[in-house]
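Observations on chain architecture
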Amino acid sequence: MSAATATAPMNAEQTGRRVEEVLDRLAASGDPAAATAAEELVRSLMDFYGAGLARILHLLASSAGSPSAALLGDELVASLLVLHDLHPEDCDTRIARALDSVREHTLEVVDFDEESGTLRVRAREAGGCGCGSGADVRQAAEAALACFAPEVRAVDVETAPEGPTLLQIGTAPTGTR
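So, here's what we can say about the structure. Residue numbers run consecutively from 1 along every chain, following the written order of its sequence. Local features are withheld for residues below a pLDDT of 70 in this predicted model, meaning they are given only at 70 or higher, and side-chain atom pairs are given and counted only at 80 or more; totals for whole chains, interfaces and linings count all residues. Here the side-chain values reflect all heavy atoms present in the structure, with hydrogen atoms and water set aside.

Side note on the packing of aromatic side chains
As a reminder, the rule being used: By convention, a stacked pair of Phe, Tyr or Trp rings (six-membered ring in the case of Trp) has centres within 6.5 Å and planes under 30 degrees apart, an edge-to-face pair has planes over 60 apart, and any other such pair is tilted. Remark: exposure states derive from per-residue accessible area (1.4 Å probe, protein chains only) relative to the maximum for the residue type, with buried under 20%, exposed over 50%, and partly exposed in between.
Taken as a whole and assessed by the stated rule, the structure comprises 1 aromatic pair. Each ring, one from F48 and one from Y49, has its centre 5.5 Å from the other, and the planes form 70 degrees; the classification is edge-to-face. Residue F48 is classed as exposed on the basis of its relative accessible area, which comes to 59%.

Structural data, given as structure tokens:
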């Protein structure tokens, strides 16, 4: 592995798409034996890495303390744990962790429909004005959720209702009263 490869950020969603593209190319090549062998290779590697990750979690859990928050908060590690159904946090906790990582917006979970995989969130700009681009909020939330909670397949964004109008009260002009 080259130094550039070792430091390049990995993304589970991009990697999954790349694997699918390669498998599709092999399937389209007209050699069904090669396509079948490639799919078996991917399954074998997934099983191997899944078993290794399960062992790591077991060893961490059996030592003093529980898996480090840094481990669970890392996008790459979290996506691997979720991919192998090994993540120790439940779906709601992982959704909250993902939404907390979207720093430019304050996002509140309204509802999660497990059957459809649709998450409804209420968005408010970090500054509190409630005026953000829904598309930007959706993209940021979807990117974070892809690693921590891939069960979420769609995000619906509601803007937070506007609060009461701020009434400016100044001091009375001098000489009155």
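What about helix 3 (residues 32-62)?
Put simply, the rule is: Elements are defined by DSSP. Helices are runs of H or I of four residues or more, strands are runs of E of two residues or more, and each kind is numbered from the N terminus. Multiplying one less than the number of residues by 1.5 Å gives the expected span of a helix.
Along its 31 residues, helix 3 runs 45 Å from first to last C-alpha, staying within 8% of the 45 Å computed at 1.5 Å per residue. Buried within helix 3 are the following residues: A35, A38, G50, L53 and L57.

Considerations on the layout of surface pockets
Let me state the cut-off plainly: Any residue with an atom within 4 Å of a point lines the site, the site being either a cavity, points on a 1 Å grid over the protein atoms alone where a 1.4 Å probe fits but cannot get out, or a pocket, an open set with protein on both sides within 12 Å along at least 5 of 7 lines. Grid points are joined across faces, edges and corners, and a volume is the space filled by probe spheres set on the points. Residue type decides the class: Asp, Glu, Lys and Arg count as charged, Ala, Val, Leu, Ile, Met, Phe, Trp, Tyr, Cys and Pro as nonpolar, and the leftover types, Gly among them, as polar.
In this structure, the largest pocket occupies an estimated 1,000 Å³ of space. Among the secondary structure elements, those contributing two or more residues to the lining of the largest pocket are helix 2 (12-28), helix 3, helix 5 (75-83) and helix 7 (134-148). Residues that form the lining of the largest pocket fall into these classes: 18 nonpolar, 7 polar and 3 charged.

What to know about the side chain of T118
Rule in force here: By the criterion applied in these results, polar contacts are pairs of N or O atoms within 3.5 Å in which, for protein atoms, one can donate a hydrogen and the other can accept it, and in which residues neighboring in sequence qualify only through two side-chain atoms. The contact criterion used throughout is that any non-hydrogen atoms of two residues lie within 4.5 Å.
By secondary structure assignment, the location of T118 is in strand 2 (residues 118-125). Of the polar contacts made by the side chain of T118, one reaches the side chain of S116; its length is 3.0 Å. Those residues in contact with T118, other than ones at most four positions away along the chain, are D111, F112, D113, A154 and D156.

Thoughts on helix 6 (residues 91-100)
Every α-helical turn comprises 3.6 residues, leaving residues that sit three or four positions apart pointing alike. Quick note on the threshold: Directions are taken from the helix axis to each C-beta atom, and the arc is the one they span.
C91, R94, I95, A98 and L99 are the residues of helix 6 that are buried. For helix 6, the angular spread of buried residues about the axis comes to 135 degrees, placing them on one side. What points out from helix 6, more than 90 degrees from its buried face, is the exposed set D92 and D100.

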